[in-house]
Amino acid sequence: MTTPSVKDAAAPTTIDLASRAASEPAKSQWPLVLTLWLLSAIPGIPAALIIGLLLLQPTESMLFVKLVNPLYLSSPWAVLLHGGSGVVFFLTMPWQFSPKLRLRYPVWHRLSGRLVLFSAYLMAISGVWMHLYLTPDELGVRFIGLLVITLAMVGAFSMALMAILKRRIEQHQRWMYRSVAITLAVVTPNFIEVAAFLTVGQFNYFKPLLATFFHDYGRLLGLVLNLLIANYLLRGQRAAPARKSGGAAIAQ
């Protein structure tokens, strides 16, 4: 008879997680879901508007002139594919982080999860396609940042997929956190850029420097910050059960 190792004891199986879910009330985590919705709305709403305008092409509309880059008309399919997959991703992704919905509607969770995965792949790859069609001469640091985020998205979502296929639930959840953090790396620089321009950007000397920096390195900065935040949240989730079990042992 073998004695289970510390590593085995620390890693709950699918059965353990299922029994834990059945015995403990599911948390909705609406603050997290709502935050993801708000962050998703920043690129999602403009993308939906641009898709509608590209399909209808009301050329006399001021909204069309303001939102639709004339270059979009030269390669509409790249824009439609990237924007459409982005809208699907941002409509379905936040729901994946609600344990209550996941436990109450497991079929919906699986189906929407497949939509999230498929749209994430399309969004990542079509983003590179759109960049090469619309700005083929811009292959510097900004393009390298786009490639890094694309490869990171495909890799992280693939790790999440492989984990769930092997029924490694907690590993799947950790990779989903990282995958979404990588995807939202294009949103985070917007907040930092606004704060930078409201402070340091008030000095005329720094305005062009900030504009150049965020144009070239904004995505990479967002990637690093988002992964740091995601790993911090994951460490907190790991520490919570340990504190809970430790408190129960002391009470006994």
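What you see is a predicted model, and the numbers here were worked out from it, not measured in a lab.

Colleague: What am I meant to see in the packing of aromatic side chains here?
Modeller: What characterises a pair of aromatic rings is the spacing of the ring centres plus the angle enclosed by the ring planes. For the structure shown, the criterion picks out 10 aromatic pairs. Judged by centre distance (5.3 Å) and plane angle (90°), the rings of Phe97 and Tyr177 are edge-to-face. Separated by 80 residues along the polypeptide, Phe97 in the loop between α5 (76-92) and α6 (99-104) and Tyr177 in helix α9 (residues 169-183) bring together distant segments of the chain. Exposure remark for Phe97: the relative accessible area of 6% places this residue in the buried category. The interplanar angle of 80° and the centroid separation of 5.2 Å between the aromatic rings of Tyr205 and Phe206 together place this pair among those described as edge-to-face. Its relative accessible area of 33% is what places Phe206 among the partly exposed residues. Ring-pair connections join several aromatic residues into one group, and the members of that group are Trp30, Trp37 and Trp95. The residue whose ring lies beneath Arg178 is Trp175, and the NZ or CZ to ring-centre distance is 4.8 Å.

Colleague: Just to check I follow, could you spell out the nonpolar core for this structure?
Modeller: Considering soluble globular proteins, one finds that nonpolar side chains tend to be buried as a cluster. Residues Phe89, Met93, Phe97, Met153 and Phe157 are the most contacted members of the largest nonpolar core, which totals 24 residues. If you list the elements that add at least two residues to this core, you get α5, α7 (106-134), α8 (141-165), α9 and α11 (207-251). Excluding anything up to four places from it in sequence, Met153 contacts Ala120, Met123, Ala124, Ile182 and Thr183. Judged by nonpolar contacts, the second largest core, of 13 residues, contains Ile50, Val68, Tyr72 and Leu134.

Colleague: I tried to follow helix α10 (residues 188-198) on my own but got confused; where do I start?
Modeller: Along an α-helix, residues three or four apart share an orientation, since each turn contains 3.6 residues. Here α10 has its buried residues at Thr188, Pro189 and Ala196. For α10, the arc enclosing every buried residue in end-on projection is 85°, short of the 170-degree limit, so these residues lie on one face. Of the residues in α10, the exposed ones pointing more than 90 degrees away from the buried face are Val194 and Leu198.

Colleague: What exactly am I supposed to notice about a nonpolar patch on the surface here?
Modeller: Together, Val200, Phe203, Tyr205, Phe206 and Leu209 give the surface a local cluster of nonpolar side chains, amounting to about 520 Å² of exposed area. One can find Phe203 in the loop between α10 and α11. Note on Phe203: relative accessible area 54%, which makes it exposed.

Colleague: Could you clarify how one ought to interpret the side chain of Ser119 in this entry?
Modeller: Mapped onto the secondary structure, Ser119 falls in helix α7. A polar contact is formed between the side chain of Ser119 and the backbone oxygen of Val116, at a distance of 3.1 Å. Other than its neighbours up to four places away in sequence, Ser119 contacts Ser85, Val88 and Phe89.

Colleague: Is there a simple way to think about the pattern of salt bridges in this case?
Modeller: Counting across every chain of the model gives one salt bridge. Between Glu138 and Arg142 there is a salt bridge, with the nearest N and O atoms lying 3.9 Å from each other. A relative accessible area of 23% places Arg142 in the partly exposed class.

Colleague: Mind showing me how you'd approach the confidence of the model for the chain here?
Modeller: Atom-level detail of predicted coordinates should not be read off regions where pLDDT is low. In this model, the chain carries an average pLDDT of 81, and 80% of its residues clear a pLDDT of 70 or more. Mean pLDDT per element in the chain: helix α2 (residues 14-23) is the minimum at 44, and α8 is the maximum at 95.

Colleague: Could you clarify how one ought to interpret the environment of Leu233 in this entry?
Modeller: Its location among the elements puts Leu233 in helix α11. Put simply, Leu233 and Tyr177 are 56 residues apart on the chain and 8.9 Å apart in space, counted from C-alpha to C-alpha.

Colleague: Would you mind showing me how to read the packing of α7 against α8 here?
Modeller: Angle between the axes and distance between the axes are the two parameters that describe a pair of packed helices. Interaxial distance between α7 and α8 falls to 10 Å at its minimum, and their mutual angle equals 165°. In terms of axis orientation, α7 runs roughly antiparallel to α8. Once α7 is placed against α8, the crossing between them reads as left-handed. Between α7, through Val116, Leu117, Ala120, Tyr121, Met123, Ala124, Ile125, Gly127, Val128, His131 and Leu132, and α8, the contact on the second element is made entirely by Phe143, Leu146, Leu147, Thr150, Met153, Val154, Phe157, Ser158 and Leu161. The class makeup of the residues in the contact of α7 with α8 is 16 nonpolar, four polar and no charged.

Colleague: Help me understand the packing of α5 against α7 in this model?
Modeller: The N-to-C vectors of α5 and α7 enclose an angle of 150°; their axes lie 7 Å apart at closest approach. Here α5 is positioned roughly antiparallel relative to α7, judged by the angle of their axes. Handedness of the crossing formed by α5 with α7: left-handed. Residues Trp77, Ala78, Val79, Leu81, His82, Ser85, Gly86, Val88, Phe89, Phe90 and Thr92 of α5 form the contact with α7, whose own contacting residues are Ser112, Leu115, Val116, Ser119, Ala120, Leu122, Met123, Ser126, Gly127, Trp129, Met130 and Leu134. Among the residues making up the contact of α5 with α7, the classes are represented as 15 nonpolar, eight polar and no charged.

Quick notes on the rules
Residues numbered from 1 in each chain as written. Predicted model: local features only at pLDDT ≥ 70, side-chain atom pairs only at ≥ 80, totals over all residues. Heavy atoms only, no water. Phe/Tyr/Trp six-rings, centres within 6.5 Å; stacked < 30°, edge-to-face > 60°. Helix = DSSP H or I, 4+ residues; strand = E, 2+ residues; numbered from the N terminus. Buried < 20%, exposed > 50% of the residue type's maximum accessible area, 1.4 Å probe, protein only. Lys NZ or Arg CZ within 6 Å of the ring centre and 35° of its normal. Core = buried A, V, L, I, M, F, W, Y, C linked by side-chain atoms within 4.5 Å. Contact = heavy atoms within 4.5 Å. Arc of directions from axis to C-beta. Patch = residues over 30% accessible without salt bridge, like charges linked within 9 Å, V, L, I, M, F, W, Y side chains within 5 Å. Areas by Shrake-Rupley, 256 points an atom, 1.4 Å probe, with all protein chains shown as cover. Salt bridge = Lys/Arg side-chain N within 4 Å of Asp/Glu carboxyl O. Polar contact = N/O pair within 3.5 Å; in protein donor to acceptor, adjacent residues only side chain to side chain. pLDDT = per-residue confidence, 0-100. Axes fitted to C-alpha atoms, helices over the stretch in contact; angles between N-to-C directions. Parallel < 35°, antiparallel > 145°, perpendicular 65-115°, else oblique. Left-handed = near helix turned anticlockwise from the far one by under 90°. Nonpolar A, V, L, I, M, F, W, Y, C, P; charged D, E, K, R; others polar.

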